[in-house]
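Inside the fold
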Amino acid sequence: MAWVILLVSGMLESAWAISLKASEGFSKLWPSLTFVVTAALSLGGLAYALRSLPVGSAYAVWTGTGAALTAIIGMIWLGEGTPVIKIVSVVLIVAGIVGLNLAGGAH
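A few points on the structure. (Residues numbered from 1 in each chain as written. Predicted model: local features only at pLDDT ≥ 70, side-chain atom pairs only at ≥ 80, totals over all residues. Heavy atoms only, no water.)

**Looking at the overall build of the chain**
Short version of the rule: Secondary structure elements are defined from DSSP: runs of H or I of at least 4 residues count as helices, runs of E of at least 2 residues count as strands, and each element is numbered from the N terminus. Using a 1.4 Å probe on the protein chains alone, a residue whose accessible area is under 20% of its type maximum counts as buried, one over 50% counts as exposed, and one in between counts as partly exposed. What makes two residues a contact is simply this: any of their non-hydrogen atoms within 4.5 Å. In this description, accessible areas are obtained by the Shrake-Rupley approach with a 1.4 Å probe, and a residue is regarded as covered only by the protein chains that are shown.
Scanning the chain from N- to C-terminus turns up four helices and zero strands. Its helices and strands taken in sequence order, the chain reads α-α-α-α from the N to the C terminus. Each of the three principal axes of the chain carries a C-alpha extent, and together these read 45 × 35 × 15 Å. Buried positions account for 31% of the 107 residues belonging to the chain. When contacts within the chain are restricted to residue pairs at least 6 apart in sequence, those whose partners lie at least 24 apart make up 65%. Approximately 6400 Å² of the chain is accessible, and the part contributed by carbon and sulfur atoms is 76%.

**Overview of the nonpolar core**
For the record, the criterion: Nonpolar cores were defined as sets of buried Ala, Val, Leu, Ile, Met, Phe, Trp, Tyr and Cys residues, with membership established by side-chain atoms within 4.5 Å.
Formed by Ala2, Trp3, Leu6, Leu46, Ala49, Leu53, Ala58, Val61, Trp62 and Ile97, the largest nonpolar core amounts to ten residues. Of all elements in the fold, only helix 1 (2-22), helix 2 (29-49) and helix 3 (55-76) reach the threshold of two or more residues within this core. Here leucine 46 is in contact with Leu6, Ser9, Ala58, Tyr59 and Trp62, once residues within four sequence places are set aside.

**Considering the pattern of salt bridges**
Our working rule: Here, a salt bridge means any Lys or Arg side-chain nitrogen found within 4 Å of an Asp or Glu carboxyl oxygen.
Taken as a whole and assessed by the stated rule, the structure comprises one salt bridge. The salt bridge partner of lysine 28 is glutamate 24, with a shortest N-O separation of 3.2 Å. Residue classification places lysine 28 among the partly exposed positions, given a relative accessible area of 39%.

No statement about biological role is implied by the geometric values presented.
Next comes the structure, spelled out in structure tokens:
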């Protein structure tokens, strides 16, 4: 269950990053409020997951999930372009997340 919460928290990390961009420096109310809520939920989920997961793997999965999803959203919906190197880099991040997830219980 901790891994599921961690992955959802990583997705919320992406939500707060996109909201932060949309807030235009906290000058827009709703994106700013969305940022605050999603950031709190994301960090809360990370904190919960860290009760039972190793910090190195958990933090890497959390940030990797947020980074990959944010990059994908940027490429698809925010017009940031899709050069091959960017796509390959996202695939490598996802591969790392899967690897850390699989190795999560190993010591």
